[in-house]
Amino acid sequence: MDKKQASLRSCLQPATKVLVSCRGLDGENNVLAVAYCCNCSYDPPMVMVGIVPSRYSYKMIKESGCFVVNLVDKEYKETFDYLGSVSKRDEDKLSKMKVNLSDGVKVNAPIIKDCPVNIECTIVDSIVTGSHEMFVGKVEYVHANSELVDSEGKINFSEISFL
């Protein structure tokens, strides 16, 4: 098989599309699409999200010390695309897209109720990796649509139609 040099920028794509929700110290909510998100520890459970410091949500996440990773399914594509292309600096995109938020259980950040899985996290560390600051979040609470959760609390991810 012949090989050809490919782009370095997105070499681990495709990956599950996520929206990260957060709340500023002033109580303002925001949501942004995040390209870099992954598990980084199972004991204790932790995830990592990469945020560009120029993003509107960066300061909210940095100051509040928490965030929520919301897994997105195909039914939410239009909203995902909009939230990922418009800054709250420019308009109230959450109102425009009628984003259905609810308070987190363990962290002071909202969950997106229309997403099938929401992962509440408290920041335990971060590292600047170039264009992004990678925030390591300890998983504090996981919400999942009831039909996805078995009797042992495990999520059946095969039932989600990811973007």
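Just above sits the structure.
Definitions and limits used
Residues numbered from 1 in each chain as written. Predicted model: local features only at pLDDT ≥ 70, side-chain atom pairs only at ≥ 80, totals over all residues. Heavy atoms only, no water. Phe/Tyr/Trp six-rings, centres within 6.5 Å; stacked < 30°, edge-to-face > 60°. Helix = DSSP H or I, 4+ residues; strand = E, 2+ residues; numbered from the N terminus. Core = buried A, V, L, I, M, F, W, Y, C linked by side-chain atoms within 4.5 Å. Buried < 20%, exposed > 50% of the residue type's maximum accessible area, 1.4 Å probe, protein only. Contact = heavy atoms within 4.5 Å.

Some words on the packing of aromatic side chains
Link 1 in the chain: Tallying each qualifying case throughout the model produces 1 aromatic pair.
Link 2 in the chain: For the pair Tyr58 and Phe135, a centre-to-centre distance of 5.9 Å together with 50° between the ring planes defines the contact as tilted. Of this pair, Tyr58 sits in helix α1 (residues 56–64) while Phe135 sits in strand β9 (residues 133–144), placing them 77 residues apart in sequence.

Let's talk about the nonpolar core
Link 1 in the chain: Core analysis: the largest hydrophobic core is formed by 21 residues, its most contacted members being Val49, Ile51, Ile61, Phe67 and Val69.
Link 2 in the chain: Within the residue set of this core, elements represented by two or more residues are β1 (18–23), β2 (29–34), β4 (45–51), α1, β5 (66–71), β8 (117–128) and β9.
Link 3 in the chain: Residues within four places of Val49 in sequence aside, it is in contact with Val20, Val34, Tyr36, Cys37, Phe67, Val69, Glu133, Met134 and Phe135.
Link 4 in the chain: In terms of nonpolar packing, the next biggest core, distinct from the first, is built from 13 residues, Val31, Tyr76, Leu83 and Ile112 among them.

Notes on α1
Link 1 in the chain: By the burial criterion, the buried members of α1 are Ser57, Tyr58, Met60 and Ile61.
Link 2 in the chain: Close packing links the buried residues of α1 with β1, β2, β4, β5, β8 and β9.
Link 3 in the chain: In the stretch just after α1, Gly65 is the one whose phi turns positive, near 75°.

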